[in-house]
Amino acid sequence: MTIKKLQDLQIYDENKMTSNIVFNEEKSKIIAFNFLPGQAMPKHGHAHKNAYVFVIEGQGQCHLDDMDYAIEPGDIIHCDPHQKISVENTGTSAMTVYVVQAEE
């Protein structure tokens, strides 16, 4: 068993969003993404993987294919392998999301 602390994964950079691999297993990966206000990840897909986005703190927008959704702490988003996703911090404070990628 391995335990990691959320605060150890919340590293911010004024120039760009940051990402830290939390766990990387054979068929799954968990990544912590940290955004300061105005930062975003480019829209992208994950072939052959489902992606689950857990909003830990902060507020923003999730761009899923051609739709935009307001997101806040406690939200969980599922992105199937055929969808394109982007996350953007549109709030006034830092935002952290965890992404779980699981192979089909």
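Residues numbered from 1 in each chain as written. Predicted model: local features only at pLDDT ≥ 70, side-chain atom pairs only at ≥ 80, totals over all residues. Heavy atoms only, no water.

## Regarding the sheet that holds strand β1 (residues 18–24)
Right, so step 1: In space, the 5 strands of this open sheet follow the order β1-β2-β8-β3-β6, with antiparallel pairing throughout. Of all the strands in the sheet, just β1 and β6 (76–79) have a single pairing partner and so form its edges. Here the average twist between neighbouring strands, direction ignored, is 20°. (Pairing = 2+ DSSP bridges. Helix = DSSP H or I, 4+ residues; strand = E, 2+ residues; numbered from the N terminus. Axes fitted to C-alpha atoms, helices over the stretch in contact; angles between N-to-C directions.)

## A look at the pairing of strand β8 (residues 95–103)
Right, so step 1: Of the strand pairs in this sheet, strand β2 (residues 28–35) and β8 are connected by 8 bridges, and their pairing is antiparallel. By the bridge assignment, F35 is partnered in β8 with M95.
Right, so step 2: Relative to β8, strand β3 (residues 49–57) runs antiparallel, the two sharing 8 bridges. By the bridge assignment, Y52 is partnered in β8 with V100.

## Concerning the state of the cysteines
Right, so step 1: Scanning the model with the defined rule gives 0 disulfides in all.
Right, so step 2: A disulfide-free cysteine, C62 has its sulfur positioned 7.6 Å from the sulfur of C79, the nearest such atom.
Right, so step 3: By relative accessible area, which is 1% here, C62 ends up buried.
Right, so step 4: In this structure C79 comes out as buried when scored by relative accessible area, which is 2%. (Disulfide = S-S within 2.5 Å. Buried < 20%, exposed > 50% of the residue type's maximum accessible area, 1.4 Å probe, protein only.)

## Considering the nonpolar core
Right, so step 1: Formed by 17 residues in total, the largest nonpolar core has its most connected members in F33, F35, I77, I85, V87 and V97.
Right, so step 2: Put simply, the parts of the chain that give this core at least two residues each are β2, β3, β4 (60–64), β6, β7 (85–89) and β8.
Right, so step 3: The residues touching V87, leaving out its near neighbours within four places in the chain, are F35, Q39, A40, M41, Q61, I71, M95 and V97. (Core = buried A, V, L, I, M, F, W, Y, C linked by side-chain atoms within 4.5 Å. Contact = heavy atoms within 4.5 Å.)

## A few points about the side chain of T96
Right, so step 1: Within the secondary structure, T96 sits in strand β8.
Right, so step 2: There is a polar contact of 2.9 Å between the side chain of T96 and the side chain of Y12.
Right, so step 3: Those residues in contact with T96, other than ones at most four positions away along the chain, are L6, Q10, Y12, F33, N34, F54, V55, I56 and E57. (Polar contact = N/O pair within 3.5 Å; in protein donor to acceptor, adjacent residues only side chain to side chain.)

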